[in-house]
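# Results of the structural survey
Take a look at the letters that make up each chain.
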Amino acid sequence: MMNRRSLLLSPALLLALSTGAFASDIMVMNAVAPKSLTANAPTAAVYLMLMNHGSASDTITGTATPVAAHAMMHQSLEENGVMKMREVGSFELKAGDMIAFAPGGYHIMLTGLKAPLKTGDNFPITLTFKTAGDVTVDVNVVDKVDGAMTHEGMAN
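The text that follows walks through the structure, step by step, so that each part is easy to find.

Before going further, it helps to spend a moment on the overall build of the protein. Summing up its helical and strand segments, the protein has one helix and eleven strands in all. The N-to-C order of helical and strand elements in the protein reads α-β-β-β-β-β-β-β-β-β-β-β. Expressed as a percentage of the 156 residues in the protein, the buried residues total 38%. The long-range share in the protein, meaning contacts at least 24 apart out of those at least 6 apart in sequence, stands at 66%. Just so you have it, the protein exposes about 8900 Å², and 54% of that area is on carbon and sulfur atoms.

Have a look at this one:
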């Protein structure tokens with residue numbers, strides 16, 4: 001006979017299981033990318049949430065996806081009134097931290113798209129952590145992400 005208590009899951013756990021991925025103490029969730037604006041757009045951005053449930057920091061050392069030639073972590077910065085992006089080789093996620101890769105900040109830049117991203121599609125992206133290893137999560141392609149900028153710096 002099954003224990004009734006074993007069937008109960010917390011709402012937070014249910015949400016995580018339905019929208020994210022775990023590896024060790026790392027959780028990746030709510031990954032989205034805005035649709036391509038043109039049929040031959042060479043770039044796209046991925047936004048997501050990261051959470052470290054562990055007691056030690058971990059570091060993202062790389063990203064990859066089959067839909068693009070390259071997937072790199074970038075940070076958007078304002079410098080002298082001009083928005084710029086710079087590549088970030090690694091990213092530390094401290095113990096207990098929850099970080100948003102969001103428009104105007106950190107994001108994953110996809111270059112060399114193999115096909116345009118279309119609303120309703122999804123694709124896998126893998127984040128490689130120094131300690132936790134690979135975490136793969138599905139990215140949902142949405143019509144737009146509020147505050148997202150195109151690679152050319154024009155608002156979506």
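The next point concerns the nonpolar core. Counting 30 residues, the largest nonpolar core has I108, L110 and F129 as its most contacted members. Those elements that provide at least two residues to this core are β2 (26-34), β3 (43-52), β5 (68-79), β7 (91-93), β9 (106-113), β10 (122-129) and β11 (133-142). Once you skip the residues sitting within four places of it in the chain, F129 turns out to touch I26, V28, L50, D58, T59, I60, L93 and V135.

Across three bridges, the pairing between β2 and β11 is parallel. Its bridge partner being in β11, A33 is matched across the sheet by V141. Pairing analysis gives eight bridges linking β10 to β11, with the strands arranged antiparallel. Bridge pairing links N122 to N140 in β11. Where β10 folds back on β11, the antiparallel hairpin that results is connected by three residues.

Reading guide: rules and limits
Starting afresh in each chain, residues are numbered from 1 along the sequence in its written order. Since the coordinates come from a predicted model, pLDDT governs what is reported: local features require at least 70, and pairs of side-chain atoms require 80 or more to be given and counted, while whole-chain, interface and lining totals use all residues. Side-chain descriptors were evaluated using all non-hydrogen atoms of the structure, hydrogens and water having been removed beforehand. A run of H or I in DSSP becomes a helix once it reaches four residues, and a run of E becomes a strand once it reaches two; helices and strands are each numbered from the N terminus. The buried label applies to any residue whose accessible area, calculated with a 1.4 Å probe on protein chains only, is under 20% of its type's maximum; exposed applies above 50%, and partly exposed to all values in between. Residue contacts are defined here by distance: any two heavy atoms, one from each residue, within 4.5 Å place the two residues in contact. Method for areas: the Shrake-Rupley scheme with a 1.4 Å probe, in which residue coverage is limited to the protein chains shown. Residues grouped as a nonpolar core are buried Ala, Val, Leu, Ile, Met, Phe, Trp, Tyr and Cys residues, joined through side-chain atoms within 4.5 Å. Strands were regarded as paired on the criterion that DSSP finds at least two bridges between them.

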